[in-house]
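# Remarks on the overall topology
One letter stands for each residue in the lines below.
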Amino acid sequence: MYTLSIYIIGFLLKIIALFNKKIRLFVNGRKNVFDFLKKNIRKNENYVWVHTASLGEFEQGLPVIQSLKARGEKIIVTFFSPSGYEVKKNSPDADIITYLPLDTPENARKFIETVNPSMAIFVKYEFWIHYLEELKRRQIKTFLLSGIFRENQIFFKWYGKLMRDCLHSFTHFFVQNERSEKLLQSIGFENITVSGDTRFDRVSEILKRDNSLSFIEEFKGDSLCVVFGSSWESDEAIYLQYINYLEEKNVKFIIAPHNVKPEQVDTFCRKISRKTVFFSDKEGKNLADYEVFILDTIGILTKVYSYADIAYVGGGMGNSGLHNVLEPAVFGIPVIIGKNYEKFSEAVSLVEKGGVISVSDANQFEKTMTILVADAYKRKKMGTINAEFIAENCGATQKFLHKAINSD
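The sections below set out a description of the structure shown in this document. (Residues numbered from 1 in each chain as written. Predicted model: local features only at pLDDT ≥ 70, side-chain atom pairs only at ≥ 80, totals over all residues. Heavy atoms only, no water.)

### A look at the pattern of salt bridges
Rules: By convention in these notes, a salt bridge is any Lys or Arg side-chain nitrogen within 4 Å of a carboxyl oxygen on Asp or Glu. In this description a helix means any DSSP run of H or I spanning at least four residues, a strand means any run of E spanning at least two, and both kinds are numbered starting from the N terminus.
A full pass over the atoms with the stated rule returns 17 salt bridges. As a salt-bridge pair, E59 and R202 come within 2.8 Å of each other at their nearest N and O atoms. A residue pair is termed long-range when its members are at least 10 positions apart, and E59 in helix α4 (residues 55-70) and R202 in helix α10 (residues 198-206) qualify at 143 residues.

### Describing the sheet that holds strand β2 (residues 74-79)
In sheet architecture, strand pairing relies on hydrogen bonds along the backbone and comes in two forms, parallel and antiparallel. To keep it simple, the criterion reads: If DSSP finds at least two bridges between two strands, the strands pair. In this analysis an axis means a line fitted to C-alpha atoms, helices contributing only their contacting stretch, and an angle means the value between N-to-C directions, from 0 to 180 degrees. Whether two residues touch is decided by their heavy atoms; if any such pair falls within 4.5 Å, the residues are in contact.
Taken together, the 7 strands give an open sheet; going across it, the order is β3-β2-β1-β4-β5-β6-β7, and neighbouring strands pair in parallel fashion. Edge positions in the sheet fall to β3 (96-99) and β7 (192-194), since each has one partner strand and no second. When the angles between neighbouring strand axes are averaged without regard to direction, this sheet yields 20°. Two elements, strand β1 (residues 47-52) and strand β4 (residues 119-123), share 4 bridges in a ladder whose sense is parallel. Looking across to β4, one finds that W49 is bridged to A120. Helix α19 (residues 396-405) contacts β4, β5 (141-147), β6 (172-175) and β7 of the sheet and is inclined by roughly 170° relative to β6.

### Focus: the layout of surface pockets
Note the threshold: Cavities and pockets are defined on a 1 Å grid built over the protein atoms alone: a cavity is a set of grid points where a 1.4 Å probe fits but cannot escape, while a pocket is an open set with protein on both sides within 12 Å along at least five of seven lines, and lining residues are those with an atom within 4 Å of any such point. Grid points are joined across faces, edges and corners, and a volume is the space filled by probe spheres set on the points. Polar here means any residue outside two lists: the nonpolar Ala, Val, Leu, Ile, Met, Phe, Trp, Tyr, Cys and Pro, and the charged Asp, Glu, Lys and Arg; Gly therefore counts as polar.
Taken as a whole, the second largest pocket spans an internal volume of roughly 460 Å³. Around the second largest pocket, the lining is made up of 18 residues, and of these K14, R30, P101, L102 and N107 lie nearest the centre. Broken down by element, the lining of the second largest pocket gets its largest block of residues, 6 residues, from helix α1 (residues 2-16). In terms of residue class, the lining of the second largest pocket is built from 10 nonpolar, 4 polar and 4 charged.

### Some words on the packing of aromatic side chains
For the record, the criterion: Note on ring pairs: Phe, Tyr and Trp rings are taken, using the six-membered ring of Trp, and paired if centres are within 6.5 Å. Classes follow the plane angle, with under 30 degrees stacked, over 60 edge-to-face and the rest tilted. Only protein chains enter the accessibility calculation, which uses a 1.4 Å probe; a residue whose area is less than 20% of its type maximum is buried, one above 50% is exposed, and one in between is partly exposed. For a lysine, the NZ atom is tested; for an arginine, the CZ atom; a charge sits over a ring if that atom is within 6 Å of the ring centre and within 35 degrees of the ring normal.
Under the definition given, this model contains 34 aromatic pairs. Consider the rings of F127 and F170, whose centres lie 5.9 Å apart with planes at 80°: the pair is edge-to-face. Linking F127 in the loop between β4 and α7 (129-137) with F170 in the loop between α8 (161-166) and β6, this pair joins segments that are 43 residues apart in sequence. For the pair formed by F127 and F170, the shared burial category is buried. Aromatic ring contacts, followed pair by pair, group W49, F111, F122, F127, Y131, F149, F155, F156, F170, F173 and F189 into a single cluster. The ring of F80 has R30 lying over it, and the distance from NZ or CZ to the ring centre is 5.2 Å. Lying across the ring of F219, K252 places its NZ or CZ 4.9 Å from the centre.

### Quick notes on the nonpolar core
Selection rule: Grouping buried Ala, Val, Leu, Ile, Met, Phe, Trp, Tyr and Cys residues that are joined through side-chain atoms within 4.5 Å yields what is termed a nonpolar core.
The biggest cluster of nonpolar side chains holds 62 residues, and the ones touching the most others in it are W49, F111, F127, F149 and F173. Those residues in contact with W49, other than ones at most four positions away along the chain, are I76, T78, L100, F111, I112, P117, M119, A120, I121, F122, Y131 and L135. L213, V277, L295 and A329 belong to the second largest nonpolar core, which has 39 residues in total.

### What about empty space enclosed by the protein?
Here the structure, examined in full by the defined rule, presents 1 cavity of 30 Å³ or more. Of the pockets and cavities examined, the largest cavity occupies roughly 30 Å³. Lining of the largest cavity is provided by F80, L100, P101, L102, D103 and W128. Residues belonging to the lining of the largest cavity are distributed by class as follows: 5 nonpolar, no polar and 1 charged.

### A short note on a nonpolar patch on the surface
This is how the line gets drawn: Put simply, a patch holds well-exposed residues, over 30% relative accessible area, that have no salt bridge, with like charges counted together within 9 Å and Val, Leu, Ile, Met, Phe, Trp or Tyr side chains within 5 Å. Only the protein chains shown count as cover for residues, with accessible areas throughout obtained via the Shrake-Rupley method and a probe of 1.4 Å.
A surface patch of nonpolar side chains, about 1000 Å² in accessible area, is lined by M1, L4, I8, F11, L12, I15, I16, L18 and F19. By the secondary structure assignment, I8 is in helix α1. Note on I8: relative accessible area 43%, which makes it partly exposed.

### Focus: the packing of helix α3 (residues 33-40) against helix α6 (residues 105-115)
Between two packed helices, the angle of one axis relative to the other and the distance separating the axes together describe the packing. For clarity, the threshold we go by: What sets the label is the angle itself: under 35 degrees gives roughly parallel, over 145 gives roughly antiparallel, 65 to 115 gives roughly perpendicular, and the rest give oblique. The sense of a crossing depends on the near helix, which, turned anticlockwise from the far helix by less than a right angle, makes the crossing left-handed and, turned clockwise, makes it right-handed.
Packing of α3 against α6 brings their axes to within 10 Å, and their N-to-C directions diverge by 15°. Looking at the two axes, α3 sits roughly parallel to α6. Note that α3 runs across α6; the crossing there is left-handed. In this structure, α3 contributes F34, L37 and K38 to the contact, and α6 contributes N107, K110, F111, T114 and V115. The residue inventory of the contact of α3 with α6, partitioned by class, reads 4 nonpolar, 2 polar and 2 charged.

### Quick look at the environment of V33
Looking at the element boundaries, V33 is found in helix α3. Residue classification places V33 among the buried residues on the basis of a relative accessible area of 1%. On a C-alpha basis, the gap between V33 and L100 in space is 7.9 Å, while along the polypeptide they are 67 residues apart. Excluding anything up to four places from it in sequence, V33 contacts T98, Y99 and P101.

### Description of the packing of α4 against α10
At a minimum axis separation of 7 Å, α4 and α10 run at an interaxial angle of 80°. Viewed along their axes, α4 and α10 adopt a mutual orientation that is roughly perpendicular. Here E59, Q60, G61, L62, P63, V64 and Q66 of α4 lie close against α10, whose contacting residues are T198, R199, D201 and R202. Broken down by class, the residue content of the contact of α4 with α10 amounts to 3 nonpolar, 4 polar and 4 charged.

### A few points about the side chain of N244
Counted only if it meets this: Polar contacts, as used here, are pairs of N or O atoms within 3.5 Å; protein pairs need one atom able to donate a hydrogen and one able to accept it. Residues neighboring in sequence count only if both atoms are side-chain atoms.
Tracing the sequence through the fold places N244 in helix α12 (residues 233-245). Taking relative accessible area as the criterion, N244 reaches 18% and is therefore assigned buried. Engagement of the side chain of N244 in a polar contact is seen with the backbone oxygen of K271, the distance being 3.0 Å. Here N244 is in contact with K271, I272, S273 and R274, once residues within four sequence places are set aside.

Below, the structure written as structure tokens:
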């Protein structure tokens, strides 16, 4: 049934691709994967295969990818999602980057045969049965990196035998927390290390690089700066009123919408009553005269967070999924998020510790902002909690390398 469902999904996606741009990228991007691999794979090289679902998992796996590259390993990265592949397809961090073909027996056999990886690493999740079976059949060491398991997953249901069986393909599980370890132990696995989350290593590296942006410095000046990162419509609904009616003059706002398509950004901008400038239209303007700066671009949000005194991280007001709270938190600033964050362990921990505040509506957001804007001591206290939390949780990369690589 699993194999049949993959074929049916593949057929349906080809039809949907005629009407949906993202699905079209998904389908078209997989058409020439094997030709691409044959052209670019060097037969005399050993490759470490790292599979990532999308952009977030790529960033999560990056500390390990970079460490392996530094050791001289050749890296091939595969993506499932177009949103990850299209952003990172030219990244210098890997030697080869491509889509992962759909999980049919033929594709799995052909892919593993072509790449012939010395090792396979799956980041966080995505358990493709035929690929895992093929890796096991060929006795290729396979690891789960920064894995996380929950009680409601199919592995822990009475009807989940097929998925439970595929977990036997993993040489070792590196999981984020003890709850994941106990869940795996409950179904008979002991090859587990609680290593933590490599995202902490990833964000800690941000502090070591040059995060300066001259145009943001000009825009901010001496004002207090609030950055809204990766915000969706559900997030905008709770903070736009605050921006439009705030009487405090020494506060400036930077907004990075999740969707940066021109038509969506223009529609969003019309809802703002303050003097606004776009990243794409900043040249030749006196940026200090503006109150709102809209990032209608991608790739610079992390650097922009370094200028924030307060950050709001989007995705938590709706069901799209909370974006990375660690990226602003590493700069030692308070962070605000929406109400839906229970699936994100780092957010849960930081809310409990007091470095992150969760709000459920516009009134709560306004009250929270009023306090934080007025109270520099509280901002500093919350920021310290966040920075110390990240520092305390670094080290997952070294734990992986020590057990998976250095113990050979």
